Amino acid sequence: MGVAAMAAFMGVRDAISTGAGGVAASAAMAAGGSPDAALNFGDGAVLPYSPAKVKTAPRGRASSWSSLLLLLGRTRKLAKVRLLLAAGVLLALVLLANPVGPLIGWNHQPSSSASSPSRDGYMVLINTWRRNSLLKKAVAHYASCPKTDAIHVVWSENDPPPESLKTYLKNIIMSRSRNSQKPKLQFDLNEEDNLNNRFKPINSLTNDAIFSVDDDLLIPCSTLEFAFTVWQTTPDTMVGFVPRMHWLVEEKNSVVYYKYGGWWSVWWTGTYSMVLSKAAFFHRKYLDMYTYKMPSTIHDYVTRERNCEDIAMSLLVANVTQAPPIWVKGKIHEIGSYGISSLAGHNKRRNNCLNDFISLYGAVPLVSTNIKAVDAREEWFW
């Protein structure tokens, strides 16, 4: 059979199986063209010719079933991939929705107001006593912190604050605050000088969080904001910057004696059980509990000794939560030169306070811990 006859035979065969395109391809090959010559469908669409594709092209009912099975297999694989992706997203949402506190040792006690929208900011409660120059610096600084919603000054002097002081503080708040809604300033006036005054209930609060601070302590705003986020994870707990500790010294004849430890004891042991209210966040409900539910004998003790209201608050919160406080590592700038802690015999009086308060409670509500909250953005190694 000649070459032309063979080409014609192949053209007829391909026309039967693949249509006119096969004829054109075979004719091209018969004319001496390459097997990779263009395949023209007659409507302007041109594809490269491939004998392998022609041989493997699906034909008949068997080819349709193969295509269907292949499609089902791909669909099942795609469904599995989508299922795995959905499971991963769900797991991520669960981890984000749960606070990290319990994972690292914090005892999270959800507050009844944990979902309150008013928890977006905090009130700064400044305790002062005849140090107007320090008060001006403190108000100016805390007014510049973005989350400060209000500033209350605990005023326990015989004379009310002068109008010149009020005007100065209001002007400095207006100039230093970067918020569109400026923090509200209020003086909480008291008829007598009493350390219990710093924990009197306040009815005009719009937020749950209270940052209690002395007039001679300045906490950088970024550090304060971090401590506030820590408090938000466990709003029933005290979160502060000044840790203290206690430990059992001796027990004889059913009488126990505890030692109050200052900063160097905390540094040496790496343990603490209190954070002082001179720089700490706590929930506003503790103002009511301190005033109305704490034993009046403790109020009388604080009034008489002019000391230890911060220890009393620490015992109160620990008795409610049965959990330790949280110490936040951060810089503290002391701008004052003197205070109650600088007086002679201060540590001995603190020891007596601790033991007397524990005897009034009938137990030791304080819980020791070595957990410390650290802002990783401020650390080289963490």
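Nothing here was measured: the structure is a model prediction, and the numbers come from that model.

Draft legend 1. Just empty space enclosed by the protein, in detail. For the structure shown, the criterion picks out 1 cavity of 30 Å³ or more. Approximately 70 Å³ is the volume found for the largest cavity. Lining the largest cavity are Thr237, Met238, Ser273, Met274, Val275, Ser314, Val317, Ala318, Thr321, Ala323, Pro324 and Pro325. Going through the elements one at a time, strand E11 (274–275) and helix H11 (309–321) are the ones with two or more residues in the lining of the largest cavity.

Draft legend 2. Structural detail: the nonpolar core. One finds Tyr142, Phe211, Phe281 and Phe357 to be the most contacted residues of the largest nonpolar core, which totals 82 residues. Once you skip the residues sitting within four places of it in the chain, Tyr142 turns out to touch Val124, Ile126, Thr148, Ile151, Phe211, Val213, Leu217, Leu218, Ile219 and Leu224.

Draft legend 3. Representation of the pattern of salt bridges within the structure. Applying the stated criterion across every chain, the model contains 11 salt bridges. Note that Asp208 is salt-bridged to Arg284, the shortest N-O span being 3.3 Å. Of this pair, Asp208 sits in the loop between strand E5 (184–189) and strand E6 (209–214) while Arg284 sits in the loop between strand E12 (279–283) and helix H9 (285–293), and the two are 76 residues apart along the sequence. Note that Asp375 and Arg377 form a salt bridge whose closest N and O atoms lie 2.8 Å from each other. Accessibility expressed as a relative area gives 11% for Asp375, which makes it buried. A relative accessible area of 67% places Arg377 in the exposed class. It is possible to trace a salt-bridge network through shared partners that takes in Arg131, Asp215 and Asp216.

Draft legend 4. Local environment of the packing of helix H10 (residues 296–305) against helix H12 (residues 346–361). As a packed pair, H10 and H12 sit with axes 11 Å apart at the nearest point and diverge in direction by 165 degrees. When the interaxial angle is binned, H10 and H12 end up roughly antiparallel. In this structure, the crossing between H10 and H12 has a hand that is right-handed. Residues Thr297, Ile298, Tyr301, Val302 and Glu305 of H10 touch H12, and the partners they reach there are Arg349, Asn352, Cys353, Asp356, Phe357, Leu360 and Tyr361. A breakdown of the residues in the contact of H10 with H12 according to their chemical character gives 7 nonpolar, 2 polar and 3 charged.

Calculation notes
- Residues numbered from 1 in each chain as written.
- Predicted model: local features only at pLDDT ≥ 70, side-chain atom pairs only at ≥ 80, totals over all residues.
- Heavy atoms only, no water.
- 1 Å grid on protein atoms, 1.4 Å probe; cavity = no way out; pocket = protein on both sides within 12 Å on 5 of 7 lines; lining within 4 Å.
- Points joined across faces, edges and corners; volume = space filled by probe spheres on them.
- Helix = DSSP H or I, 4+ residues; strand = E, 2+ residues; numbered from the N terminus.
- Core = buried A, V, L, I, M, F, W, Y, C linked by side-chain atoms within 4.5 Å.
- Buried < 20%, exposed > 50% of the residue type's maximum accessible area, 1.4 Å probe, protein only.
- Contact = heavy atoms within 4.5 Å.
- Salt bridge = Lys/Arg side-chain N within 4 Å of Asp/Glu carboxyl O.
- Axes fitted to C-alpha atoms, helices over the stretch in contact; angles between N-to-C directions.
- Parallel < 35°, antiparallel > 145°, perpendicular 65-115°, else oblique.
- Left-handed = near helix turned anticlockwise from the far one by under 90°.
- Nonpolar A, V, L, I, M, F, W, Y, C, P; charged D, E, K, R; others polar.

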